[in-house]
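Here are the chains, one letter per residue:
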Amino acid sequence: MALRACGFIVFRRLAVVPPPDNIEYLLLQTSYGEHHWTPPKGHVDPGEEDLITALRETKEEAGLGAEQLQVLDGFVQELRYEVRGRPKEVLYWLAELRDPGTAVTLSDEHQDYRWARVEEACTLAQYKDLQDTLRAAHRHLEADQDKQQ
């Protein structure tokens, strides 16, 4: 059976920068292994719902709780890959940080964080499936922005 994890692609919109360059994504750098960069995510506890896992892990890893996030409808991405020979699946939802100035508070699992525009975020992410997910999130946000204009 595959390991299952859930998390959020957290983004913020900067008021001082015109769209679409006003969107930045939160990536956390792990304090273990290869110190890779990833959005906040973690393993689903037995009996826990996926979205609840994403909220819990984002609070634990970045200090951002449900009251600080607006989960967007219509976007969820599933990634499947192997970790040390075992299958893993990760679900990512898209969540906007309500106040772009809210501080990130890291857990011991991470040593650094960065807010980055989509291309820098993809460079940091390294893995193609995560890069594709970040770009898909960005396309989703651009499409939403176009509808509102």
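See the structure shown above.
All of the points below concern the structure found in this document.

Procedures and definitions
- Residues numbered from 1 in each chain as written.
- Predicted model: local features only at pLDDT ≥ 70, side-chain atom pairs only at ≥ 80, totals over all residues.
- Heavy atoms only, no water.
- Core = buried A, V, L, I, M, F, W, Y, C linked by side-chain atoms within 4.5 Å.
- Buried < 20%, exposed > 50% of the residue type's maximum accessible area, 1.4 Å probe, protein only.
- Phe/Tyr/Trp six-rings, centres within 6.5 Å; stacked < 30°, edge-to-face > 60°.
- Helix = DSSP H or I, 4+ residues; strand = E, 2+ residues; numbered from the N terminus.
- Salt bridge = Lys/Arg side-chain N within 4 Å of Asp/Glu carboxyl O.
- Arc of directions from axis to C-beta.
- Pairing = 2+ DSSP bridges.
- Expected span 1.5 Å × (residues − 1).
- Contact = heavy atoms within 4.5 Å.

Observations regarding the nonpolar core
Okay, step 1: Residues Ile-9, Phe-11, Tyr-25, Leu-94, Leu-134 and Leu-141 are the most contacted members of the largest nonpolar core, which totals 24 residues.
Okay, step 2: Counting 15 residues, the second-largest nonpolar core is a separate cluster that includes Phe-8, Leu-26, Leu-91 and Trp-115.

Focus: the packing of aromatic side chains
Okay, step 1: Per the stated rule, a full pass over the model turns up two aromatic pairs.
Okay, step 2: Centroid distance Phe-11 to Tyr-25: 6.5 Å. Interplanar angle 50°. Geometry classified as tilted. Here Tyr-25 lies in strand β2 (residues 23–30) and Phe-11 lies in strand β1 (residues 3–13), a separation of 14 residues in the sequence.
Okay, step 3: The class of Tyr-25 is buried, set by a relative accessible area of 0%.

Description of the environment of Gly-47
Okay, step 1: Structurally, Gly-47 can be placed in the loop between β4 (41–43) and α1 (50–62).
Okay, step 2: Given a relative accessible area of 86%, Gly-47 falls into the exposed group.
Okay, step 3: When the C-alpha atoms of Gly-47 and Leu-91 are compared, they prove to be 16 Å apart, with 44 residues separating the residues in sequence.

Quick word on the pattern of salt bridges
Okay, step 1: Scanning the entire structure with this criterion turns up 14 salt bridges.
Okay, step 2: Among the salt bridges present, the one from Arg-135 reaches Glu-119, with a minimum N-O distance of 3.0 Å. In this pair, Arg-135 is assigned in helix α3 (residues 128–148) and Glu-119 in helix α2 (residues 118–125), connecting sequence segments 16 residues apart.
Okay, step 3: For Glu-119, a relative accessible area of 45% puts it in the partly exposed group.
Okay, step 4: Through salt bridges with shared partners, a single network forms among Arg-4, Asp-50, Glu-78, Arg-80 and Glu-89.

A word on α2
The α-helix advances 3.6 residues per turn, and as a result positions three or four apart in sequence lie on the same side.
Okay, step 1: Those residues of α2 not exposed but buried are Val-118, Ala-121, Cys-122, Leu-124 and Ala-125. For α2, the angular spread of buried residues about the axis comes to 160°, placing them on one side.

A look at the pairing of strand β6 (residues 86–97)
Okay, step 1: With 10 of 12 residues buried, β6 lies mostly within the body of the structure.
Okay, step 2: Looking at chain direction, β1 and β6 are connected through nine bridges and run parallel. Bridge pairing in β6 places Val-10 opposite Ala-95.
Okay, step 3: Counted along the chain from strand β5 (residues 69–83) to the antiparallel partner β6, the turn is two residues long, and its residue Arg-84 has a positive phi close to 50°.

Describing α1
Okay, step 1: With 13 residues, α1 extends 18 Å from end C-alpha to end C-alpha; this agrees with the ideal 18 Å at 1.5 Å per step.
Okay, step 2: When α1 is considered as a whole, its buried residues turn out to be Thr-53, Ala-54, Arg-56, Glu-57, Thr-58, Glu-61 and Ala-62.
Okay, step 3: Contacts made by the buried residues of α1 are with β1, β2, β4, β5, β6 and β7 (110–116).

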